Amino acid sequence: MNIKQLAAEKAVDWVEDGMMVGLGTGSTAVYAIRKLGERVQQGLHIKAVATSVESEKLAKEMSIPIIPFAEVGQIDLTIDGADEVDPDLNLIKGGGGALLREKIVAARSRQVMIVAGDNKVVKRLGAFPLPVEVVTFAHEWTIEKLASMGCTPVLRKTESGEVFVTDNGNYTVDCHFKEILNPARMHRQLNDIPGVVDNGLFIGMASTAVIAYNSGTIEILRAGK
Ligand SMILES: O=C[C@H](O)[C@H](O)[C@H](O)COP(=O)(O)O
């Protein structure tokens, strides 16, 4: 079993009967959705909301009952991956292109549990290019403003060379900062740029991180500890 699978399947142990569960996106979250699906098929009763079209499709294939976001009240637990996790459990997310729905679901969740291999744990955020979701209108100008923040911005393309379009019909700009000294301030400054919809910094949103190591060990990190 690889470390992504180990962390993701462990997190599913926290899901209890009757919960409203947020389903993350990405190659690690996929393992959590599959495991949760197995538990549903064995009789676990939950409802879920997905953070991407892709995760929703997989959840339905696994017979997990999906609720439209408009009908979701409080979400009990969201299980999601991350591109970087710092010691305060601040995160970079959006490498898979789903940051906006992920952030909305996280904001509605009592508990956000991050699942990752230990390669995602960093002392300081920013080596991973920070994804920023921007509207298509005047995106060239928005990209210039992002560059003025001290990064090298790259408009994300698909493997076939088309501009990548998010589930919300926007573009993603990957901002190469190398390091982000003050993530909370950077979060505000980026979102102040007209044309920016949101950025991949998740500040103070994760309550727990389930981190798996190649040795097979699992470490549980908690925010504020
Ligand atoms: O947009 C995608 C999400 O934020 C993912 O959770 C993140 O990119 C981590 O993905 P993966 O588990 O594939 O490394």
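Here the structure is a predicted model, which means the values were calculated and not measured.

Conventions used here
Think of each chain on its own: its residues are numbered from 1, step by step along the sequence as written. In keeping with the predicted nature of the model, local features appear solely for residues at pLDDT of at least 70, side-chain atom pairs appear and are counted solely at 80 or more, and the whole-chain, interface and lining totals rest on all residues. Pairing between strands is defined by DSSP: at least two bridges between them are needed. Think of it this way: any DSSP run of H or I at least four residues long counts as a helix, any run of E at least two long counts as a strand, and we number them from the N terminus. To decide nearness, the C-beta atom of each residue is placed from the backbone, and the residue is near a molecule or strand if that atom lies within 6 Å of it. Any residue that is not Ala, Val, Leu, Ile, Met, Phe, Trp, Tyr, Cys, Pro, Asp, Glu, Lys or Arg is counted as polar, Gly included; the first ten are nonpolar and the last four charged. Exposure classes come from backbone-placed C-beta atoms, where a residue is buried if 20 or more other C-beta atoms lie within 10 Å of its own, exposed if 12 or fewer do, and partly exposed in between. Angles shown run from 0 to 180 degrees and are taken between the N-to-C directions of axes, each axis being a line fitted to C-alpha atoms and, for helices, limited to the stretch in contact. Residues are defined as contacting one another if the C-beta atoms placed from their backbone atoms lie within 7 Å. UniProt positions are given in the numbering used here, feature names are shortened, and annotations may be inferred rather than shown by experiment.

**Quick notes on the pairing of strand β13 (residues 218–222)**
Logical step 1: Alignment of strand β12 (residues 208–212) against β13, held across 5 bridges, turns out to be antiparallel. Paired with A209 across the strands is L221, a residue of β13.

**Concerning the site of the ligand**
Logical step 1: G26, T28, G81, G95 and G96 are the nearest of the 18 residues found near the ligand.
Logical step 2: Tallied by class, residues from the shell around the ligand come to 4 nonpolar, 10 polar and 4 charged.

**Some words on the pairing of β12**
Logical step 1: In terms of residue burial, β12 counts as a mostly covered element, since 4 of its 5 residues are buried.
Logical step 2: Pairing between strand β6 (residues 109–117) and β12: 5 bridges, direction parallel. Bridge assignment links G117 to a residue of β12, and that residue is A212.
Logical step 3: Turn length for the β12-β13 hairpin, with the two strands adjacent in sequence and antiparallel, is 5 residues, and the turn residue G216 shows positive phi of about 100 degrees.

**Details of the sheet that holds strand β7 (residues 130–134)**
Logical step 1: The antiparallel open sheet is built from 4 strands, whose spatial order is β8-β9-β7-β10. Looking at the sheet topology across the chains shown, the edges are occupied by β8 (152–155) and β10 (196–199). Going across the sheet, the axis of each strand differs from the next one's by a mean of 30 degrees, ignoring polarity.
Logical step 2: Sheet analysis places β7 next to β10, joined by 3 bridges and oriented antiparallel. By the bridge assignment, V132 is partnered in β10 with N199.
Logical step 3: Lying over the sheet, helix α6 (residues 183–191) contacts β7 and β10, oriented at roughly 165 degrees with respect to β10.

**Quick word on the UniProt feature "active site" (unreviewed entry) in the chain**
Logical step 1: Cross-referencing UniProt, the feature "active site" (unreviewed entry) maps to E102 in the present numbering.
Logical step 2: Tracing the backbone shows E102 in helix α4 (residues 99–107).
Logical step 3: Overall, E102 belongs to the buried group, with 32 C-beta atoms counted inside 10 Å.
Logical step 4: Setting aside chain neighbours within four positions, we find E102 in contact with G24, T25, T51, D80 and K93.

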